[in-house]
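Here's the letter readout for the chains.
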Amino acid sequence: MHSFVQMLSRRVLSSCRTHRNVPRIHLSSRSLATEADVSAPSTSSGIPPPSAPKAKKEAPKHTLKTAVILNRSPIITRTPTKFEKSYHAYQSRIQRALHNPFPSEFYFKPGSLLEGKFAAEEREREREAFGRSGTGVSEASQSDGVLEVLGEEEVVKPMPRVHEADIKGDTKSLDRQGERNLYLLVRGKDATGKEVWRFPHGDVKPEELLHDAARRDLHAECGDHMDTWVVSRNPIGVYQPSPSEENYIFFYKAHILAGQVRPDGKNIQDFAWLTKEEIESHVETEYWTGVKDMLSDF
Amino acid sequence: MASSLLSLRHINPPLRVAQTSVRYAAREVNTSDPRTDIIRRVLYPSNLRNRASPVGNWRPDVARRLQRAIPSVQAHETIERAWLLHQRHVRKSRQSELDRKFQCMRTAMEKLRELDLQRYRAANELEDPRARSEEELELLKTAKAPEKKAMEARIRGLFPRELRVPTETPSRDGWNYDWVPPSRPTQ
């Protein structure tokens, strides 16, 4: 709560600061409006053409690029830690000791086979929670009798949580590391022309909005055979490769829902789906410091 | 922090929160259908305090059961405090991750505002999920069922339909690598 108020006040202060610094060469005062003062939302994308030419003699020329952080969100739930598991077991023990007596006459016909099966299973669960107590021999024979009559049910085994891609370490697989967030890293040329591991990026056309450019660039570099969804119109981060040049890469978050990357071979030589730590080991140090805060930890 | 948690120990919740003055035995009305008898017995148990009931109005053996379940009062409180501390750590780490991401977003929006005001304004526009452009309406009229489904799964401003919730175990078929793009006009 306190931090939220602080963040709000900081934003107000910074906007005041930029107001003072912006050169007053804009012809209309509306261009100094803050983000609350927004034009009516239009459903069609595309910027309306500027009404008057802007004299930008003082402001330096900058190039915009968009990059996409394509995320495969977790497929399976997180494994609880040892402490969490034991705490859950402890709490279920207390629940088992204190819960209301089960009205078995309401749920089962008295003396039916199903009631016997349920009673046997309950005894098993009680034994697991509290350990063996009293005469265990007679109970065991009773439960075996019931189970024999009912017969073995067809138990459908669920898929294992560890996929074979985990064992092989196949970084191109989208089934690997089901618990974690996987991000697409691509091997291609960066701004300087060096072959590096980076996120897929591309240029922005003159009259194109950034989120549309992000989507177009992603499909241009990684192929059409991916079902992706760009989360929002807002970028999640910005990176300036070299402090001297006015080139900015705006990052957009997207999710992959189906399909796989098909590199064209021209811009992209290779790709990999990596977790946050693996990205750190693949990517240049400067790039990593610029990008690491946008990624999810787990 | 430790002192505030310890002070909770002294707040003893009242054991008796409700008390009826009338105690009645369950009426033994034997109708032809035993099922209605059972339902009546479950819904309207006797509140004479002679044995534990399914509804749990009177539980005389709580202390004994608790003795079986927990090692000791001190041990139980230590476990509870350890859990709360663990939850606090988890909450803190999640919050700090969110704060870092939010800071990144803020710097990006500030930079965009400095560089390109029109694109900044466009990025700040709210997406109305109910709004439909003219081309979309035209396409919806002429589109076939799978294309319509594909379009309805991607409404701008809402989450996509195909975004799955994580499950305990993965699906039998695994990831769909052979996805073919349908003729979807705009995302």
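Just so we're clear, the structure is a prediction, and the values are computed from it rather than from any experiment.

A. Inspection of the overall build of chain A at higher detail. Looking only at helices and strands, chain A features nine helices and eight strands. In chain A, buried positions account for 35% of the 298 residues. A separation of at least 24 residues holds for 68% of the contacts in chain A among residues at least 6 apart in sequence. Working note: accessible area of chain A is about 17500 Å², and carbon and sulfur atoms make up 56% of it.

B. How the structure looks around the interface of chain A and chain B. The interface of chain A with chain B comprises 97 residues on the first partner and 77 residues on the second. Here chain A packs against chain B, burying approximately 7700 Å² in sum over the two surfaces, 56% of which is carbon and sulfur. It is A:Tyr90, A:Trp229 and A:Arg233 in chain A that bury the most area against chain B; as a group they hold 9% of the surface buried on that side. Linking chain A with chain B are six salt bridges. Here B:Arg154 and A:Asp227 are joined by a salt bridge, their closest N and O atoms 2.6 Å apart. Linking chain A with chain B are 31 residue pairs in polar contact (both at pLDDT 80 or more), by the criterion used here. The element contributing the most residues to the side of chain A that touches chain B is helix α2 (residues 82–98) of chain A, with 11 residues. Here the residues of the side of chain A that touches chain B are counted per class, giving 45 nonpolar, 26 polar and 26 charged.

C. Local environment of the pattern of salt bridges. With the rule as written, the count across this model stands at 33 salt bridges over all chains. Ionic pairing is found between B:Asp37 and B:Arg40, a salt bridge with its closest N-O pair at 3.7 Å. Remark: B:Arg40 and B:Asp37 occur in helix α2 (residues 34–43); sequence separation between them is three residues, near one turn of the helix. By sharing partners, the salt bridges in this structure join A:Arg96, A:Glu122, A:Arg125, A:Glu126 and B:Arg68 into a single network.

D. A look at the confidence of the model for chain A. Residue and element names in this part refer to chain A. On average, residues of chain A score 81 in pLDDT, and 73% of them reach the 70 mark or higher. Contacts from residues 1–29, a stretch scored under 50 in pLDDT, to residues over four places away or in other chains number 25 contacts. Within the model, pLDDT remains below 50 along residues 35–46, and this stretch shows 19 contacts once partners closer than five positions in the same chain are excluded.

E. Molecular detail of the UniProt feature "domain: Nudix hydrolase" (unreviewed entry) in chain A. The UniProt record annotates "domain: Nudix hydrolase" (unreviewed entry) at residues 176–284 of chain A. Helix makes up 18% of residues 176–284 of chain A and strand 39%. Its end C-alpha atoms lie 24 Å apart.

F. Just a nonpolar patch on the surface, in detail. On the surface, A:Phe102, A:Phe106, A:Tyr107, B:Ile39, B:Leu43 and B:Tyr44 cluster together into a nonpolar patch covering about 650 Å² of accessible area. Of all elements in the fold, only α3 (104–107) of chain A together with α2 of chain B reach the threshold of two or more residues within the nonpolar patch. Counting through the fold element by element, B:Tyr44 comes out in the loop between α2 and α3 (62–69).

G. Highlighting the packing of aromatic side chains. According to the stated counting rule, one finds 12 aromatic pairs over all chains in the structure shown. Between A:Tyr87 and B:Trp83 the ring centres are 4.1 Å apart and the planes differ by 10°, which places this aromatic pair in the stacked class. Placement of A:Tyr87 in helix α2 and of B:Trp83 in helix α4 (residues 73–115) is noted, with the two residues assigned to different chains. By relative accessible area, A:Tyr87 is classed as buried at 7%. Considering the side-chain rings of A:Phe108 and A:Phe118, the 5.0 Å spacing of their centres and the 35° angle between planes classify their relative orientation as tilted. In this pair, A:Phe108 sits in the loop between α3 and α4 (113–130) while A:Phe118 sits in helix α4, placing the two residues 10 residues apart along the sequence.

H. The arrangement of α2(B) in detail. Listed in full, the buried residues belonging to α2(B) are B:Asp37, B:Ile38 and B:Val42. The arc that holds the buried residues of α2(B), viewed along the axis, is 130°, so those residues lie on one side. Next to the buried residues of α2(B) lie α3 of chain A. The N-cap of α2(B), judged by a side-chain oxygen 3.2 Å from the amide nitrogen of B:Arg35 a few residues on, is B:Asp33.

I. Inspection of the environment of A:Asn234 at higher detail. Within the element layout of this structure, A:Asn234 appears in the loop between β5 (226–230) and β6 (237–239). Residue A:Asn234 is classed as partly exposed on the basis of its relative accessible area, which comes to 21%. Setting aside chain neighbours within four positions, we find A:Asn234 in contact with A:Tyr252, B:Met105, B:Met109, B:Ala123 and B:Asn124.

J. Looking closely at the packing of α2(A) against α4(B). α4(B) packs onto α2(A) with a crossing angle of 135° between their chain directions and a minimal axis gap of 11 Å. Judged by the inter-axis angle, α2(A) sits oblique to α4(B). Note that α2(A) runs across α4(B); the crossing there is left-handed. Taken together, the residues of α4(B) that come into contact with α2(A) (itself represented by A:Phe83, A:Glu84, A:Tyr87, A:His88, A:Tyr90, A:Gln91 and A:Ile94) are B:His76, B:Ile79, B:Glu80, B:Ala82, B:Trp83 and B:His86. Of the residues belonging to the contact of α2(A) with α4(B), the class tally is seven nonpolar, four polar and two charged.

K. Structural detail: the pairing of strand β1 (residues 63–72) of chain A. All names here are of chain A. Most of β1 sits inside the fold, with eight of its 10 residues counted as buried. By the bridge criterion, nine bridges tie β1 to strand β7 (residues 247–259) in an arrangement that is parallel. When the sheet's bridge partners are listed, Ala 67 is paired in β7 with Phe 251. As paired strands, β1 and strand β4 (residues 201–203) are joined by three bridges and run antiparallel to one another. Across the sheet, Lys 65 pairs through a bridge with Asp 203, a residue of β4. Alignment of β1 against strand β2 (residues 182–189), held across two bridges, turns out to be antiparallel. Opposite Asn 71, over in β2, you have Tyr 183 as the bridge partner.

L. Representation of the packing of α2(A) against α3(B) within the structure. Between α2(A) and α3(B), the least distance of the axes is 9 Å, while the angle of their chain directions is 155°. By the angle between their axes, α2(A) is roughly antiparallel relative to α3(B). Crossing handedness for the pair α2(A) and α3(B): right-handed. Contact with α2(A), carried on its side by A:Tyr90, A:Arg93, A:Ile94, A:Arg96, A:Ala97 and A:Leu98, involves B:Val62, B:Arg65, B:Leu66, B:Arg68 and B:Ala69 of α3(B) and no other residues of that element. Taken together, the residues of the contact of α2(A) with α3(B) sort by class into seven nonpolar, no polar and four charged.

The rules behind the values
In every chain, residue numbers begin from 1 and rise along the written sequence. Labels follow written order: the first chain is A, the first ligand is 1, and so on. Local features in this predicted model are restricted to residues of pLDDT 70 or higher, and side-chain atom pairs are both shown and tallied only at a pLDDT of 80 or more, whereas totals for entire chains, interfaces and linings draw on every residue. Here the side-chain values reflect all heavy atoms present in the structure, with hydrogen atoms and water set aside. In DSSP terms, a helix is any run of H or I states spanning at least four residues, a strand is any run of E spanning at least two, and both are numbered starting from the N terminus. Think of it in three bands: residues with accessible area under 20% of the maximum for their type are buried, residues over 50% are exposed, and the middle band is partly exposed, with areas taken using a 1.4 Å probe on protein chains only. By definition, residues are in contact when any of their heavy atoms lie within 4.5 Å. Each accessible area value is a Shrake-Rupley result obtained with a 1.4 Å probe; residue values ignore everything except the protein chains displayed when judging cover. Values labelled buried area give the accessible surface lost by two parts on being combined, using a 1.4 Å probe and summing over both. We define a salt bridge as a side-chain nitrogen of Lys or Arg found within 4 Å of a carboxyl oxygen belonging to Asp or Glu. Polar contacts, as used here, are pairs of N or O atoms within 3.5 Å; protein pairs need one atom able to donate a hydrogen and one able to accept it. Residues neighboring in sequence count only if both atoms are side-chain atoms. Amino acids are sorted into nonpolar (Ala, Val, Leu, Ile, Met, Phe, Trp, Tyr, Cys and Pro), charged (Asp, Glu, Lys and Arg) and polar (every other residue, Gly among them). The predictor attaches a confidence to each residue, and that confidence, scored 0 to 100, is pLDDT. UniProt positions are given in the numbering used here, feature names are shortened, and annotations may be inferred rather than shown by experiment. Patch definition: residues above 30% relative accessible area lacking any salt bridge, with like charges linked at up to 9 Å and the nonpolar side chains Val, Leu, Ile, Met, Phe, Trp and Tyr linked at up to 5 Å. Ring pairs shown here join Phe, Tyr and Trp side chains whose ring centres sit within 6.5 Å, with only the six-membered ring taken for Trp; geometry is labelled stacked below 30 degrees between planes, edge-to-face above 60, and tilted in between. What the arc covers is the set of directions going from the helix axis to the C-beta atoms. Inter-axis angles, ranging from 0 to 180 degrees, are taken between N-to-C directions of lines fitted to C-alpha atoms, where helices are fitted over the stretch in contact. Roughly parallel here means an angle under 35 degrees, roughly antiparallel means over 145, roughly perpendicular means 65 to 115, and every remaining angle is called oblique. Should the near helix be turned anticlockwise from the far one by less than a right angle, the crossing is left-handed, and should it be turned clockwise, the crossing is right-handed. Here a strand pair is declared whenever DSSP counts at least two bridges between the two strands.

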